[in-house]
Amino acid sequence: PSDADSYRQFDVVILGDLDSSYLPADRQKLLVERVRQGAGLVMLGGYHSLGPGGYAGTPLGEILPVGLGSREIGQVTEPFLPRLTPEGVRHPIFANIADFFPSQAGPARQEGLPRLDGGTRVESARPAASVLATCPAANDMPVLAVQPVDRGRTAVFIGDTTRKWQQGPRAQDQQSPYLRFWGQLVRYLAGRTGQLEAHAGIEV
């Protein structure tokens, strides 16, 4: 989108492995303004996003919940499962799927979730951010962090290859948190978590 009216069509924007050079400052400012008006934004890890994508110091980089670092900050290459923080265990993004992940209280209660191949390194969380998951392979660096931005919300998820969470369990006819994780993340960023509650589930 190149104008404010176009951005008003979107409740949530997902930025993947897209270098900052593809988003000039004027277009970044349009997206920042849409977030401040109530939209959600998540930037995903990648070799051309976050710090490696040159977003540090840009309008978008300034509203993200973590410090991004320079283009040379690098990647986490050791496989890992995100470890939920106490806030993450209770957060709407992980409603009904927290048992698939290790937490500060111990290992995952639902075993078998494949580890991610790695992720993009970031710096520490910003003061207003909530860190919901960390990377044990990188000194508990934030993996998923969120923060309010005026009437909107932003998030950073640094992990790579979440498709494994769907492909592996599905091939073995096991339950997977994949669809709920992404669905609940998007609904949270859109401000639509009022109907989402953690509860016991049943499948027939």
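Residues numbered from 1 in each chain as written. Predicted model: local features only at pLDDT ≥ 70, side-chain atom pairs only at ≥ 80, totals over all residues. Heavy atoms only, no water.

Q: Residues and numbers for the packing of helix H5 (residues 163–171) against helix H6 (residues 178–189), please.
A: For the pair H5 and H6, interaxial distance at closest approach is 8 Å and the crossing angle is 150 degrees. Taken as axis vectors, H5 and H6 run roughly antiparallel relative to one another. Counting all contacts with H5, which are made through Arg163, Trp165 and Gln166, the residues of H6 involved are Tyr178, Leu179 and Phe181. In the contact of H5 with H6, the residues fall into four nonpolar, one polar and one charged. (Axes fitted to C-alpha atoms, helices over the stretch in contact; angles between N-to-C directions. Helix = DSSP H or I, 4+ residues; strand = E, 2+ residues; numbered from the N terminus. Parallel < 35°, antiparallel > 145°, perpendicular 65-115°, else oblique. Contact = heavy atoms within 4.5 Å. Nonpolar A, V, L, I, M, F, W, Y, C, P; charged D, E, K, R; others polar.)

Q: How would you summarise the sheet that holds strand E4 (residues 83–84) if you had to cite specific residues and measurements?
A: On the basis of which strands lie adjacent, the open sheet formed by six strands has the order E1-E2-E8-E7-E6-E4 and mixed pairing. Every other strand in the sheet has two partners, leaving strand E1 (12–15) and E4 as the edge strands with one partner each. The sheet contact formed by E1 and strand E2 (residues 40–44) spans four bridges and is parallel. Bridge pairing links Ile14 to Val42 in E2. (Pairing = 2+ DSSP bridges.)

Q: How would you summarise unusual backbone geometry if you had to cite specific residues and measurements?
A: Positive phi is not limited to glycine here, since Asp150 has a value of about 55 degrees. Positionally, Asp150 belongs in the loop between strand E7 (141–149) and strand E8 (152–157). What makes Asp150 exposed here is its relative accessible area of 57%. Residue Thr161 is not a glycine yet carries a positive backbone phi of 65 degrees. Summarising the element assignment, Thr161 is placed in the loop between E8 and H5. A relative accessible area of 7% means that Thr161 is categorised as buried. (Buried < 20%, exposed > 50% of the residue type's maximum accessible area, 1.4 Å probe, protein only.)

Read these as spatial facts, not as claims about activity.
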